[in-house]
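One letter stands for each residue in the lines below.
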Amino acid sequence: MNPAMFFALIGVGLFCLGLFSLIINSHLLRKILAINIMGSGVFLVLVALAKRAENMPADPVPHAMVITGIVVAISATALALTLMLRVASETGHATLVDEAEK
Amino acid sequence: MLLTCNIQQCAMQLDEPVYCANTGNSMNRKLFLIILLLPLLLTLAAGLGYAVLSLPEQPQYLPELVIDNMHESGVSHPVTAVLLNFRGYDTLLEMVVLLLALLAVWSLDITASRNKTRHKSAPGLVLDTLTRLLTPVLILVTAYLLWVGAHAPGGAFQAGSVLAASGVLLLLAGWRISDKLTAFPLRIILIAGPSMFIIISVLTMLFEGHLLKYPVAQAGLFIVILETLATLSIGATLAALFIGVRPKESNKGRQHE
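Remember, it's a predicted structure, so these values are computed and weren't measured experimentally. Each residue is numbered by its place in its chain's sequence as written, counting from 1. Throughout, the order in which chains and ligands are written sets their labels, letters from A for the former and numbers from 1 for the latter. Selection of residues for local features in this predicted model requires a pLDDT of at least 70, selection of side-chain atom pairs for listing and counting requires 80 or more, and totals for whole chains, interfaces and linings are taken over all residues.

Digging into the overall build of chain B
Within chain B, the secondary structure is distributed over nine helices and zero strands. Starting at the N terminus, the α and β elements of chain B follow one another as α-α-α-α-α-α-α-α-α. Whether two residues are in contact is decided by their C-beta atoms, placed from the backbone, lying within 7 Å. For chain B, the proportion of contacts with a sequence separation of at least 24, taken over those separated by at least 6, is 74%. Here a helix means four or more residues in a row that DSSP labels H or I, a strand means two or more in a row labelled E, and each is numbered from the N terminus.

Set out below in structure tokens:
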């Protein structure tokens, strides 16, 4: 197993960890953080897999995708946080409540 | 920073129990969910891990395609060539996504939800001096990153992020831009990148027949123009996203970097 594969597997692990946290936690801030961790996992997979073979130059296409992806992830996070604040101001708490449970 | 204050309030609720009538029942339900979820997620992790491990030893086709066409790209760094030339279409859409996110944040208008007054205090001597020293340096780093993108890691997105960071630093230190500049000039800067992308797309469609297919001789020039405006737009958009409140056109305006 070369370093690229190691980091790619770490990325897969981060993705699954984030998905777990996204499903389990009900607080919206935790959900937003979880989505960000999932995104970081995907970026790590892409960056690691770009240079799989030691003697080859890195594949520039995944790198370009990650660069734009990071900036888009920042803006999506900002939008999500704003939505969360709106939910918090409307309902008084930053969680999504299951209507059926009430 | 208004955003940050409110987010801190929300973060304080993190450890409060979930809004639910019977907490004991919800704990049981959560435990059940975890037990149900773990095998599913482990299966997913195993599947994804297998997919990663079973990839061919070397990436096929795309790297060769990029390297073979580098002489036509107008720059010598492959990532920049992919971003601004070969896959310029993607970057155009990314710029539009950024703008769209900002418009959505602005239209949500979280000013209404603000119930606590913000602490207003002058920054300390150290913060004030450091900000004054760092801002020119950060702008210089922005320019360097923008320029070096042609032949080394760097480019519009990195430079724009650094520019946004300097804007955020200024905002946190309490520096404000005058209302006159946030009304119309700010919006011009925000749309400069995407609109230049669209203008160049239309021009290349008309003269070259393909979207964002630059003439080989002028490719470098096109990329520099696009990257410069994209850097300004990205920096301004990210800083404006950090504030999270639409600047008022008239009096009592908020600010950007």
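Alright, that's what it looks like, and here's the rest.
What to know about the overall build of chain A
Summing up its helical and strand segments, chain A has three helices and zero strands in all. When the elements of chain A are put in sequence order from the N terminus, they spell out α-α-α. Note on method: radius of gyration uses C-alpha positions; expected globular size equals 2.2 Å times residues raised to 0.38. Relative to the 2.2 N^0.38 estimate, which gives 13 Å for 102 residues, the radius of gyration of chain A is 17 Å and therefore markedly larger than a compact globule would have. C-alpha extents for chain A along the principal axes are approximately 60 × 25 × 15 Å. Buried means a residue has 20 or more other C-beta atoms within 10 Å of its own C-beta, exposed means 12 or fewer, and partly exposed covers the counts in between; C-beta atoms are placed from the backbone. Classification of the 102 residues of chain A by burial places 40% in the buried group. Considering only contacts in chain A between residues 6 or more positions apart, those separated by 24 or more positions represent 56%.

Regarding the interface of chain B and chain A
Between chain B and chain A, the residue contacts involve 50 residues of the former and 47 residues of the latter. Within the residue set of the side of chain B that touches chain A, elements represented by two or more residues are helix H1 (2–12), helix H2 (23–53), helix H3 (62–68), helix H4 (78–86), helix H5 (88–108), helix H7 (156–172) and helix H9 (219–243) of chain B. At eleven residues, the largest contribution of residues to the side of chain B that touches chain A is made by H2 of chain B. Considered class by class, the residues forming the side of chain B that touches chain A number 37 nonpolar, eight polar and five charged. Amino acids outside the nonpolar list (Ala, Val, Leu, Ile, Met, Phe, Trp, Tyr, Cys, Pro) and the charged list (Asp, Glu, Lys, Arg) are all regarded as polar, and Gly is one of them.

Points about the nonpolar core
Nonpolar side chains tend to gather and get buried jointly when the protein is soluble and globular. Any set of buried Ala, Val, Leu, Ile, Met, Phe, Trp, Tyr and Cys residues joined through C-beta atoms within 7 Å is what this text calls a nonpolar core. Ranked by size, the top nonpolar core spans 62 residues in total, and within it Val82, Ala101, Leu226, Ile234 and Leu241 of chain B carry the most contacts. At the level of elements, helix H2 (28–50) and helix H3 (60–91) of chain A together with H4, H5, helix H6 (125–148), H7, helix H8 (179–208) and H9 of chain B are the ones that each hand at least two residues to this core. Broken down by element, the residue count for this core peaks at 14 residues, all from H9 of chain B. With near-sequence residues (within four places) excluded, Leu226 of chain B lies in contact with Leu84, Met196, Phe197 and Ile200 of chain B. Formed by eleven residues, the second largest nonpolar core is a distinct cluster that contains Ala8, Val12, Leu19 and Ala48 of chain A.

Topic: the packing of H6 of chain B against H7 of chain B
All names here are of chain B. Remark: H6 packs on H7, axes separated minimally by 8 Å, with the N-to-C direction vectors making an angle of 170°. What the angle tells us is that H6 and H7 run roughly antiparallel. The residues of H7 that touch H6, namely those facing Thr131, Leu134, Thr135, Leu138, Ile139, Val141, Thr142, Leu145 and Leu146, are Ala156, Gln158, Ala159, Val162, Leu163, Ala165, Ser166, Leu169 and Leu170. Taken together, the residues that form the contact of H6 with H7 break down as 13 nonpolar, five polar and no charged. In this analysis an axis means a line fitted to C-alpha atoms, helices contributing only their contacting stretch, and an angle means the value between N-to-C directions, from 0 to 180 degrees. Should an angle fall under 35 degrees it is taken as roughly parallel, and over 145 as roughly antiparallel, whereas 65 to 115 is taken as roughly perpendicular and any remaining angle as oblique.

Remarks on the environment of Leu83 of chain A
Following the sequence through the fold, Leu83 of chain A ends up in helix H3. We classify Leu83 of chain A as partly exposed; it has 16 C-beta atoms within 10 Å.

Some remarks on H3 of chain A
Between its first and last C-alpha atoms H3 of chain A spans 46 Å; for 32 residues at 1.5 Å apiece the expected length is 46 Å, and the two agree. Of the residues trailing H3 of chain A, Gly92 of chain A is marked for its positive phi of about 95°. The length a helix should cover is 1.5 Å for every residue beyond the first.

Side note on the environment of Ala159 of chain B
Residues and elements named next belong to chain B. Within the secondary structure layout, Ala159 lies in helix H7. Classification of Ala159 as buried rests on a count of 27 C-beta atoms within 10 Å. Ignoring sequence-local partners within four residues, the contact set of Ala159 consists of Thr142, Leu145, Leu146, Gly154 and Thr231.

Looking at the confidence of the model for chain B
When pLDDT is low, close inspection of the predicted coordinates is not appropriate. Residue and element names in this part refer to chain B. Each residue carries a pLDDT value, the predictor's own confidence for that position, ranging from 0 to 100. Put simply, chain B has an average pLDDT of 82, and 83% of its residues get 70 or more. In the predicted structure, residues 17–21 sits below a pLDDT of 50 and forms nine contacts with residues beyond four places in sequence or in another chain. Ignoring residues within four places in sequence, the model shows residues 251–257, a span with pLDDT below 50, making 31 contacts including any to other chains. Model confidence for the complex: the whole-complex pTM is 0.83, and ipTM, which rates the interface, is 0.87.

Examining H7 of chain B
Quick reminder: α-helices carry 3.6 residues per turn. Residues three or four places apart thus point the same way. Residues and elements named next belong to chain B. With 17 residues, H7 should cover 24 Å at 1.5 Å per step; its first-to-last C-alpha distance of 24 Å lies within 8% of that length. Along H7, twelve of the 17 residues are buried, which leaves the element largely enclosed by surrounding structure. Turning to H7, its buried residues number three or more, namely Ala156, Phe157, Gln158, Ala159, Gly160, Val162, Leu163, Ala164, Ser166, Gly167, Leu170 and Leu171. Phi for Gly174, located one or two positions after H7, is positive at around 95°.

Considering the confidence of the model for chain A
Taken over all residues, the pLDDT of chain A has a mean of 88, while the share at 70 or more is 95%. Taking the mean pLDDT of every element in chain A, the minimum, 90, falls on H3 of chain A and the maximum, 94, on H2 of chain A.

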